[in-house]
Structure formats: structure tokens, C-alpha cells
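Overview (structure and organization)
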Amino acid sequence: MAAQGSVVQKEMLTAGAHYMDPPIVNIQLAQDLLDVCRSMSLWPMTFGLACCAIEMMATGMARFDMARFGAEVFRPSPRQADVMIVAGTVTKKMAPAVVRLYEQMPGPKWVISMGNCAISGGPFKIKDNYNVIEGVDTLIPVDVYVPGCPPRPEGLLEGFFQLQRLITGKRWWPVAAEVKG
Amino acid sequence: MSAYQNLEQMKGDFYTQKFEAGKQDGTLIINMGPQHPSTHGVLRIVIEVDGEYIVRSEPVLGYLHRMHEKMGETQTWGGFIPNMGRVDYGHPMAWNWAYVGAVEKLMGIEVPERAEYLRVIMTELNRLTSHLLWWGAYILDLGAFTPIMYAFDDREMLLDILQRPSASRLTYSNFRVGGVQMDLDDKCLELIRTFIPHFRERLPMYHDLVTENLILRRRIEGVGIIDEDMCQRYGCTGPVLRGAGVAYDVRKDEPYSIYDRFDFEIPTQDSACSAGRYHVRVAEMEQSLRIIEQALEQLPSAEGKHIMDKAPKPSMKPPAGEAYFAVEGGRGKIGVYVVSDGSKVPYRVKLRAPGFSNMNAFAEAAKGTILADAVAILGSLDLIIPELDR
Amino acid sequence: MLQLLEGIPTQCVAKQDKVSTGRAWSVFLAPAQIVKTARKLYEAEYSLEDVFALDIEEGFLVLYHFNRWNVDERVVLRVLISKDNPTIPSIASIFDGAEWHERETRDFHGVNFEGNPNLVPLLMCVEDVDFHPLLKTDKKRKQIKDLLNLGEVVSCNKEIEALFAEAEAEVASDA
């Protein structure tokens, strides 16, 4: 088998496996309230693939302190997580595992595609590419893209702010001031 | 909708099925990875356990195979350097150096003296970040969360220093054939000079906090024996080999660049267990500080000397031939072998990753230990998965 | 090194320039001799650095790098095998580490190692078992004499000399 347009040819997501039942109490105000709660305590999955994973770790550590924004509880099991940070290169061999992990997460769930590799294949998108998936969004739905190779921890934090905005419809944190010089 | 419609697929994949062929009665085959917090990424190990004891195990690689060797044959000589920053994100400077050194050998280029010193300083600082990352992550694997906070605290200081000349926090690729891209400015040198005494003060605290801890000692002492003979058979190098009592360090035994000008020791341990490898790495941090200190003292002044003086153009065409260059990375001997056919693109680039050989010894070392020990052994090998899979 | 190779029918033994190639010795061998040589090297405390292949017009050139811990004397063993039947005996029974290196070479170039205990894809997907990414296209493939130098020859048989013959004639005419 030679390298072709896309490395993975078949659809991997199982139909309906990420389906969510309608809420029992379907009142807008209750939903809004729940959304705020959800966005302020996101539980990311410890899912480091490559270089970006180290920056993801650094974001959780004392200096950048993701805990300030409610997202410090890294869970190793997808069953306990609601945000999947795809931090690194997804390869052909890894693709089924990524999809399975995504399907194992309970809803509502979100995906942050961290780094150029996860967005588009990044530096590994070459002509003779035979092993790297060019964008994790070809496998699973992605909510927020954080570019960089690897993105700085500030970048990942900004990605989380965007995700919180996506969930609640509002940006909760001040915009960082521009530093001159 | 049932998720179990593909029953055949659910039974396991090729590697598990193959492994099941030799299964004993009453044992259980489990998969560790590819998504497992202690495998530092996407390593997968198929393990057969009898109760809690490991009967045999087989690592399955390739979950992060990023085609570096293929890219070596499609990128230009200069265009391949950024790949070196991504092969091993723990110690990218050493990989930079190995590749650049091989091309320099091929072309017969001599590097300006100041550039050599800058390389040494930056590589040693990078070795510190690599070991700190390992130290924090290893203790985290073994169940203690606090130490990684301390390790990353110091690591952030180093990253602040290193990002000045390399404009990057993690995947450095600032070495060039014939020199380095940017000089260390005065502010940067000052930061390094203040960092050294600071880190010297912190090191004893690390020991107080962790090394003498009884729980840690019980978990790593005598676990995962990789002795001299095993190292020879598997080709293990770096702290794994030094932890087995062999004082082999490429910086001393195959001196490259200007390492023969510095006075430093090669720490060794005779125990050949995880604790031995732990102590070697912690002692290496102190030696790296010594090298940086001496390099700063000897550093020739920047006046009138350019660090990219003899560098060829990015579209260089090295003469046909082959060259092998080995350097000492944070995990062991990094070797880069290049073949040129005289064109703008390398004919073949072979990357010899130390982690690949070290990991190879895992199956034998883990045999007969308990499952929790497997984590202790994996961590003590200091694995960086992209380096294994390349 | 020369003492070590006594009793092994080598095809070519050459000294290499350490400054420009990073190696001390280069030895061409027939595929049948590789296991015997590896055992001798193991007894002389050499350890394996890597195993990989080069895709050249004459076939596959399989390279083995060895080095010692106490003395820096890197040796490269080269075995030329044909494209029609790319098979070579495995040295995994002597150097256990060779198992993975050989599997990797099988992945990248399709060289078969006879006697390897577990010759299944290591880095590549199982579905891609017959796809070898590092094979060159005919246009890009070069002859061995365009790529490598023999170095300072100690002994050499006619076959290997013939491989390099033209290149040396060219050098002579340039001079």
C-alpha cells in the first residue's frame, strides 16, 4: 500500500456511540447554570502524545497554574474526563486508539487539538507521508484549535478560555495585555 | 446502539493475539498502553501476568512513528535540522549536535571556537532540563505528586534562559552546520551565572525531599536489574549503562568538540537496579553544572568573532561519502549516520536512538517482577517515545 | 581488529579515517559469515550500536555498527545482499538488541532476517506489512561507488574491488 491522499481511509467513529440523551430537566436557565458549572471545572484527560504533552504538563504546573481556571484535575481514564487535549502527532497506528478513547468519554465532551501536528499534520505533512494523520479532526470532532509547535502554555490557557466561551457563550477572563519590547 | 457489534475486533489486535499463542494456563494477558499515564506517551506493552507477577512482556512500538528517516531523504541538509528538535523533546540540543556534527564531518568544516562553547553550554543546560523532567515525572509515576512541582519550577528558569538564544521553549533547533544560529547575550549569561548557585542550593533539597525517602527506596532498590552483560547484548548506554557500573560516557571515551577541556566526573553505581540509574542521573546534574561553570569561564569574547563564520549556505551540497557522529545525550549515546550522494538532499539518514536500545532490555529486566515494579523500571529507563519510534 | 577477524573469510577489510567518517574499520562480509563475526565481536566485548540497510543499485547494503566501551574503535560490518532474495541470517541470538533493529530494517527496506525470533512489524502498522517506505525510486537510486569510499584497504577480494573500480579510476583521472 502506497501513501495516498489520506493516511486513514475509513471512518472510524462508530455511529451513535457519542450520542447523548436529552436532559431530564430541560429548562434553559438550568442548562445555562449547568454550562457555567461545567466550564469552570473541566477535567482534561492525561493524554500526551508527543512534544506538546510536555507543554501541557508545564501548563498544569505551578508557574502557569491551570488550576486558577478550574481545569487542573487531569484524569488518566477517559471515563472520568470531559476534555480531551490531543497533544501531539496522531499516527496511523494510534488513530483507532484515539477514536476509542474519545468514544469512552462520557458526554458532554469537548476536544482541544493542541499543536500543529494535531491540527494538520504540522511539520510531518510531507509529500511522501505514509504514517501521520493530517489533522485529528479527520477522526473526531474538534472544538478548539491551539496552533504552535509546540504552543506555549499561555496558548493552551487561551485555548481553554475559548472552550469556556464556547460552552457558556461568554469570555470569563481578561484579555492579556500586550508586552512591548 | 451496541458498541459491541465488532466482536472480532474487540477480542484484541494482532499483537495481543500473537502474544496469546504462548500463553500458560491460569495467566492473564493485559495491555499497558498505548494510553497509560506511566508510559510517558504512547508506548504499549503487552504483559502476561500470573497473579501479580510478570511472566513475560513485549513492548509494542510504532504509535508515534513520525517518519524522521523518510523525511531525512526528502528534506534538504539544512531543512532537516528542525526534525532534530522533535525526535527527542527531552534533550533536543544533543540531537541537533549529533546531526550537525555528522554533516560537519562529511564536509570537513571546523566550527568557530565560541560556537563550540555555546554548544556546550546550551547542551548542558538542556541536559539539566531533561533530567529535571525525568526526575519529576519518575516520582510522579511512583505516586508522589509534589516533587514534579519543584522540578518544573527549576525547569522553567532554565527554559527562560534557553529560549533567549533559541526562540523556543521545547523543540530547539538552533544549531546550524558550522555554528549556532544566535549568540548568548549578556543578559542570558548573567541569568546562567545566577542560576548555577541557585540550583546548587536546590539539589540537596531534592535529596532531602525524595532520595532518602523510605517509600521510594523500597520501590526502586533492587528492582529491574540491567547488568553489564545485558547492556552489552542490548546496546544500552547512558545512565542505564553507568548505573550498571561501567564508566562509559561518549563525552569522555570518544571526546568530541571541546569536552576534553573540562574537568568533570562520570558518576557510576554498581547496583545495576532502578535506584542505581536514579542516583546516576541526579549526580549527573551536578556534573553538568560544573561543565557549564568552566565553559563560562573559558568562553572566548564575542568581539570580532562570528559564530557562523564558516557555515555553508543552507542549500549546501556535501561531497559524496558517509559519516557517523556520536554524542552523549540525556538518555545515552546518540548516533547519526549520514550518506551523501553529492546532492542537496541526504541519501540516507540513520538515527541511532539510545532509548530504543534501553527499552529493548525492558522485557528481560521486568521478567519475574510484580506489575507495579514494571512502572518503576519503565520510569528508570527515562523513555521519550518519539525517540523510540522516530 | 585484524587478529579478531582471523579465521573469518572476509571480502574486504579497510581502515577508515576517523576524523571524516567517525569509524576505525570497515569490513565487507558474505551473508553467511555475519553470525560468526558477531560472535567474535561479542567475545571481544563489542556492543551493538545499530543495524540498518542502504538501498543501492547493487542490492541492499546491510550495515552493522559496533563499538567498545573501553576503547573507541567503531567497526562497521557491511553485507551486500541481492534485491531478488533479500535474506540475511539474524544475529539476534548473540546480540538480543539486534532483534528490534532487524525488525525495523524489515519494516523500512523489506530485508528478511532468517532466524529472528519475532519478525513482525515493529514501527509500521500491521496492514502495511508489505509497504517499505525507505525504498528508493529507480531515479534516485545510486551505485555504491557514488556513495561510499573504501578507505585504506588492508585486504580486498576482486568482487568488492570491482564495485568501487570505476570511481577510483575517475579520481585518478581528476588528479
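Residues numbered from 1 in each chain as written. Chains lettered and ligands numbered in written order. Predicted model: local features only at pLDDT ≥ 70, side-chain atom pairs only at ≥ 80, totals over all residues. Heavy atoms only, no water.

This part covers the interface of chain A and chain C. Across the contact, six residues belong to chain A and nine residues belong to chain C. Across the chain A/chain C interface, buried area totals approximately 700 Å², and carbon plus sulfur atoms make up 56% of it. Our count for the contact surface shared by chain A and chain C stands at zero salt bridges. Summed over the shared surface of chain A and chain C, the number is one residue pair in polar contact (both at pLDDT 80 or more). For the side of chain A that touches chain C, the residue count by class is four nonpolar, no polar and two charged. (Contact = heavy atoms within 4.5 Å. Buried area = accessible area lost by both parts, 1.4 Å probe. Salt bridge = Lys/Arg side-chain N within 4 Å of Asp/Glu carboxyl O. Polar contact = N/O pair within 3.5 Å; in protein donor to acceptor, adjacent residues only side chain to side chain. Nonpolar A, V, L, I, M, F, W, Y, C, P; charged D, E, K, R; others polar.)

Taken together, the contacts link 55 residues of chain C with 49 residues of chain B. Buried area between chain C and chain B, both sides added, is near 4,400 Å², and the carbon and sulfur share of it is 53%. Broken down residue by residue, the surface that chain C buries against chain B is led by C:Trp69, C:Trp100 and C:Leu123, which jointly contribute 20%. Applying the counting rule to chain C against chain B returns nine salt bridges. Linking chain C with chain B are 25 residue pairs in polar contact (both at pLDDT 80 or more), by the criterion used here. Elements with a contribution of two residues or more to the side of chain C that touches chain B: helix H1 (18-21), strand S3 (46-56), strand S4 (59-68), helix H3 (98-109) and helix H4 (144-147) of chain C. The greatest single-element share of the side of chain C that touches chain B, amounting to 11 residues, is contributed by S3(C). (Helix = DSSP H or I, 4+ residues; strand = E, 2+ residues; numbered from the N terminus.)

Quick look at the pattern of salt bridges now. All names here are of chain B. For the structure shown, the criterion picks out 51 salt bridges over all chains. Across the pair Asp88 and Arg331 runs a salt bridge, and its minimum N-O distance is 3.2 Å. Placement of the pair is Asp88 in the loop between helix H4 (81-87) and helix H5 (92-107) and Arg331 in the loop between strand S6 (321-329) and strand S7 (332-340), with a sequence separation of 243 residues. For Asp88, a relative accessible area of 1% puts it in the buried group. The exposure class assigned to Arg331 is buried, which follows from its relative accessible area of 1%. (Buried < 20%, exposed > 50% of the residue type's maximum accessible area, 1.4 Å probe, protein only.)

Moving on, we come to the sheet that holds strand S1 (residues 28-32) of chain B. Residue and element names in this part refer to chain B. Ordered by their spatial adjacency, three strands build an open sheet running S1-S2-S3, and the pairing between neighbours is antiparallel. Looking at strand neighbours, the two that pair on one side only are S1 and strand S3 (53-60), the edges of this open sheet. Taken over all neighbouring pairs, the strand axes of this sheet differ in orientation by 20° on average, direction set aside. Bridge count for strand S2 (residues 44-50) against S3 is seven bridges, and the pairing is antiparallel. Counterpart to Asp50 in the pairing with S3 is Tyr53. (Pairing = 2+ DSSP bridges. Axes fitted to C-alpha atoms, helices over the stretch in contact; angles between N-to-C directions.)

Residues and elements named next belong to chain B. Note that Val49 resides in strand S2. The exposure class assigned to Val49 is buried, which follows from its relative accessible area of 4%. In sequence terms Val49 and Val327 are 278 residues apart; their C-alpha atoms lie 38 Å from each other. Excluding anything up to four places from it in sequence, Val49 contacts Thr27, Leu28, Ile30, Ile54, Val55 and Leu371.

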